[in-house]
Amino acid sequence: MSNVLTITNLGISFATDAGAVKAVDDVSLTVAPGEVLAIVGESGSGKTVTAKTILGLLPETATMNGAVLLSSKDGSSQSNIVSLSKQQLRQVRGKDVSMVFQEPSTALNPVYTVGWQIAEGIRAHGEFSKKEARAKAIEILGRVGIPDPETRVNYYPHQFSGGQKQRVIIAMALVLDPGLIVADEPTTALDVTVQAEILDLLRRVRDEFGTAIVLITHNMGVVADLADRVAVMYEGKVVEEAPAQQLFSSPQHEYTKKLLAAVPHVGQGIVRAAARAEARAPGWTDQAPVVVAQDLRIEYPGRLGRPGFVAVDGISFSIRPGEVLGLVGESGSGKTTTGRAIAGLTRVTGGSLKVLGHEMHGFKEREFKKFRSDIGFVFQDPASSFNPLLTIAECVAEPLVVHGRASNPGAARARVNELLEAVQLPRAYGDRYPHELSGGQRQRASLARSLALEPSLLIADEPTSALDVSVQARVLELFAELQREFGFAALFISHDLAVVDILADRIAVLYKGKLVEEGTGAEVLGAPKDPYTQRLLASLPVPDPAEQALRREGLRKLRAAG
Amino acid sequence: MTTVATSPAAKDSRPAGRKSKPSGGGIGRYLLIRFLLIFPTIFILVSMVFWLMRTTGDPITAALGGRLGPEQLAERIHAAGYDRPILVQYFEYLGQIFTGNFGTTISTNRPVSEVLMTYGVATAELAFYGLLVAFIVGIPLGMVAAYWRDKGQDALLRVFAILCYATPVFFSGLLFKLVFAVWLDVLPVAGRATTGSELEMQLLPNPTGLYTIDAIQVAAQTGNTEVLADVLQHAVLPSLALGLLTAGVFLRLVRTNVIGTLGTDYVDAARSRGVSEFRLVSKHAYRPALIPIITVIGLQIALLLGGAVLTETTFEWKGLGFVLIEFIKARDYVAVQGIVALLAVIVALSNFIVDIIAAIIDPRVRY
């Protein structure tokens, strides 16, 4: 049987004010029926542009050459997406090829019911009555694992959880039984346990519906879990293409090797943590901790007479000087709230939280201000944590000026240069504006800013989750070096167990506002006791197809048991 | 209003075991709170009007000072009770308003409530037509501009929008009169209806004061549709002058919001399912864009009423704005106070209605 998708010599460039920019260069790919082809690469590699081309979704500023041949599932018709008219494209979209988006919370229209949105897609292609379309919507919702689809077909998107929304989106993509689904980072926005479920569903889609999938992702674990074949893209070109097993076992291209080496593995950090523990002076454990939480409780007030939302529900932990505590949890587990409370950005409503000896429960800003210079904070998104109107040097100098260490940003420049060097940024970058730096560079600058006052405590809230994997590896390495050099204590918050493992001396796992497990990396990751930690660990896909297949079995058993 | 609170929609239809945290209560509870908030709003507005008016002294002196001798003035002030402590007068005023009694005008000696009734309906009619024009012109054109964003059509519409809201009502009103009433002579210059029509409507057993409805009544009873035609013809120019002012704002607002929602993932997602471009704008981008628009429309109603004052004066439309000017000229602060208070109440009420509409559009508010 012929391929569902044949891309030959595809080139795409975008017209910009600065002339044409080439995004995709001479790409040729094929996808066989029922096959999962993963396209991996970093941001800017052209993988998403390639994916959008398959549905003809590129903006008008794009010019294309080459051919994108798409066959219908029964093989009765074939069309070249590049040369189709708008009307013809509309016919193909949804029927022969459909798309699953990255962010399930924004890919559904909030003001229409999911049933309405599914039915709309059905009725855009052919003669279905409203009743038939509704029946089909209910059927497909049931098949993607939405419980009680007869009722839920009338629900609005906000009434579903994130994972369920992604199921609904997959249902929409499947409803007209297309031969090909393009999934653009379908699990990136989801928690790792939910990710495992969605990957299972996509596998079922391939097996039960015989749908081919083009999987766009930067996560090598996801690739190992689902893909049959992998194409690695770099700067608009396909640099390597191989069956998944082969790509992971013997990568050929330099870039692929680098990419695979940059992927964090669980277990990497155990040796390092042990080495750090060895190096500590005797009597280290007797030092007064910099942070002590006792039965810490944080509740966000509800709106007018409604009960509040308990984000952190009675947790206890401590961070000793020079120690890195990794805080792991899914979205909504309360990990960010905990970090913000330590930095005095969120009010503590119960229990006790002592930061540098200062009680945060009922704290007054005036009394706490002098402690602030001793606490650094690194934010998740480097794109939004810098004032776009200030240069990098001004941003980094700001804490120095605020705390009276320098009279103005100019006077602080010498110190700023030192800091930029410490985070391995060229001095000249101080004169640039935030938007002129890449994500990784901005996050380095963010580290420089947080370290400007040589704090004894640093709170890093998902500092690498917005970065590409190879950039993430370098930033994590930098973080470890700086920590060694400056010796600050740190609370490192992340949803990614493997990332936390690399840096942390001890790991604490949060689940629904409660601390379910705490211990060294070897204890928590090596022999997890709490069922949630076990599930979390088992859900994390590893970049090795053979091992991942075994792990998948393990997770299935764990789920069946739990 | 309690029926709203206990309507079926108010029942919490959230399923048990839903994972994400509830974002709000039932719609009934939401609307009940919004409804209850009207009362403090009105109270504050009415109080502000009272105290602002009284900073200038008592109404009798303001209206008749210089025309009557000091003794006569004192006598009338005493008769009207304006020589009592201001707090006593304030509470009396609040109590009267509560029972619908707004006092008596000084210049014409009529109950203010009667003035409000007679002229209020005329203003309501004008505001309704103005809003209608604003909707019919502003919203579709805004969508068209969004669809052709940054193209010629869009540029033209944006210039049109600027012209609409940058031209003062009295100027556009005069221009309309000049073109349509004087040069082309197809529409009447001013007023709400010809005297003949007004007489005919007054003969009705229960005239509402809303000329459109009265004219329909006339047509239903006597088969005389000329009155209706006459009334509608009179309404065209004032409604256009007033409505276009707001239409320009609506156009810009709809354009910006629709462009914003056209860039969202869910529009791209719908496109990837083969939904037509027309539907993307008319359904997927339009309805979510309406949510912020509705809120601004609520604020616009206040501006519309302000615009009505100018429009009514320009077109001799005998509404609240028209008489407000008369009363201000006569320095009749009791009447002014009543009119301003009524306008405040209308604004508070219309904001409540806007909240209801927003709740109907946005399911996240409803559930």
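The model shown is predicted, which means the values in this text are computed figures rather than measured ones.

Conventions adopted
Residues numbered from 1 in each chain as written. Chains lettered and ligands numbered in written order. Predicted model: local features only at pLDDT ≥ 70, side-chain atom pairs only at ≥ 80, totals over all residues. Helix = DSSP H or I, 4+ residues; strand = E, 2+ residues; numbered from the N terminus. Contact = placed C-beta atoms within 7 Å. Buried ≥ 20, exposed ≤ 12 C-beta atoms within 10 Å, placed from the backbone. UniProt positions renumbered as here; feature names shortened; annotations may be inferred. pLDDT = per-residue confidence, 0-100. Pairing = 2+ DSSP bridges. Nonpolar A, V, L, I, M, F, W, Y, C, P; charged D, E, K, R; others polar. Core = buried A, V, L, I, M, F, W, Y, C linked by C-beta atoms within 7 Å. Axes fitted to C-alpha atoms, helices over the stretch in contact; angles between N-to-C directions. Parallel < 35°, antiparallel > 145°, perpendicular 65-115°, else oblique. Left-handed = near helix turned anticlockwise from the far one by under 90°.

Asker: I tried to follow the overall build of chain A on my own but got confused; where do I start?
Answerer: Counting secondary structure elements, chain A contains 21 helices and 20 strands. C-alpha extents for chain A along the principal axes are approximately 75 × 55 × 50 Å. For chain A, the share of sequence-separated contacts (at least 6 apart) that also reach a separation of at least 24 residues comes to 68%.

Asker: I tried to follow the overall build of chain B on my own but got confused; where do I start?
Answerer: Each helix and strand counted, chain B has 16 helices and zero strands in total. Considering only C-alpha atoms, chain B reaches an extent of 85 × 60 × 45 Å along its principal axes. Sorting the 367 residues of chain B into buried and exposed places 35% on the buried side. The long-range share in chain B, meaning contacts at least 24 apart out of those at least 6 apart in sequence, stands at 70%.

Asker: Got a minute to help me understand the UniProt feature "transmembrane region" (unreviewed entry) in chain B in this structure?
Answerer: Residue and element names in this part refer to chain B. The UniProt record marks residues 31-53, 126-148, 160-184, 235-254, 289-310 and 339-361 with the feature "transmembrane region" (unreviewed entry), using the residue numbering of this structure. The distance from the first to the last C-alpha atom of residues 160-184 is 23 Å, and the span holds 88% helix and 0% strand. Taken end to end, residues 339-361 has its terminal C-alpha atoms 33 Å apart, with 100% of it in helix and 0% in strand.

Asker: What should I look at first to understand the confidence of the model for chain B in this one?
Answerer: Should pLDDT be low for a region, the predicted coordinates there are not to be read in detail. All names here are of chain B. Of the residues in chain B, 92% have a pLDDT of 70 or more, and the chain-wide mean is 82. Note on residues 1-24: pLDDT under 50 across the span, and 27 contacts to partners over four residues away in sequence or across chains. Predicted complex, confidence summary: ipTM 0.81, pTM 0.81.

Asker: Can you help me understand the sheet that holds strand 15 (residues 358-359) of chain A in this one?
Answerer: Hydrogen bonds along the backbone pair up the strands of a sheet, which may run parallel or antiparallel. Residue and element names in this part refer to chain A. Strand order in this open sheet of four strands is 12-11-14-15, and the pairing throughout is antiparallel. Looking at strand neighbours, the two that pair on one side only are strand 12 (309-319) and strand 15, the edges of this open sheet. Pairing of strand 11 (residues 291-300) with strand 14 (residues 350-355), which is carried by five bridges, proceeds in the antiparallel orientation. The residue of strand 14 that forms the bridge with V291 is V355.

Asker: Help me out: how do you make sense of the interface of chain B and chain A in this one?
Answerer: The accessible area lost on association of the parts is a frequent measure of interface size. Taken together, the contact pairs 27 residues of chain B with 29 residues of chain A. Breaking the side of chain B that touches chain A down by element, the ones donating at least two residues are helix 12 (265-272), helix 13 (277-315) and helix 16 (363-366) of chain B. Ranked by residue count, the leading element in the side of chain B that touches chain A is helix 12 of chain B, at seven residues. Residue composition of the side of chain B that touches chain A, by class: nine nonpolar, eight polar and 10 charged.

Asker: Honestly, the UniProt feature "domain: ABC transporter" (unreviewed entry) in chain A in this entry has me stumped. Any pointers?
Answerer: According to UniProt, the feature "domain: ABC transporter" (unreviewed entry) maps to residues 7-260 and 296-537 of chain A in the numbering used here. Taken end to end, residues 7-260 of chain A is 37% helix and 27% strand, and its two terminal C-alpha atoms sit 26 Å from one another.

Asker: How do you make sense of the nonpolar core when you look at a structure like this?
Answerer: Buried together is how nonpolar side chains tend to be arranged in soluble globular proteins. By size, the foremost hydrophobic cluster in this structure holds 244 residues, and its most contacted members are A:L37, A:A171, A:V214, A:L215, A:V223, A:V396 and A:F492. No other element matches the 16 residues that helix 6 (residues 112-147) of chain B contributes to this core. In contact with A:V396, not counting residues within four places along its chain, are A:V416, A:L419, A:A445, A:A448, A:R449 and A:A452. Within the second largest apolar cluster, nine residues are counted, among which are B:M201, B:Y211, B:A215 and B:V227.

Asker: It is not clear to me how the environment of A:P528 should be interpreted in this structure. Could you clarify?
Answerer: Residue placement: A:P528 occurs in the loop between helix 19 (521-526) and helix 20 (531-539). In contact with A:P528, other than residues within four places in its own chain, are A:E517, A:T533, A:Q534 and A:L537.

Asker: In this structure, what is going on with the packing of helix 2 (residues 27-54) of chain B against helix 15 (residues 333-361) of chain B? I would like to understand it.
Answerer: Helix-helix packing is described using two parameters, namely the angle between the two axes and the distance between the axes. All names here are of chain B. Where helix 2 meets helix 15, the axes come as close as 9 Å, and the angle between the chain directions of the two elements is 160°. Overall, the two elements helix 2 and helix 15 adopt an arrangement that is roughly antiparallel. Where helix 2 crosses over helix 15, the handedness of that crossing is right-handed. Considering only residue class, the contact of helix 2 with helix 15 consists of 22 nonpolar, two polar and two charged.

Asker: Help me understand unusual backbone geometry, please; the structure alone is not making it clear to me.
Answerer: Positive phi values are uncommon outside glycine, yet A:E454 reaches one of about 45°. Examined against the element boundaries, A:E454 turns out to sit in the loop between helix 16 (439-451) and strand 17 (457-461).

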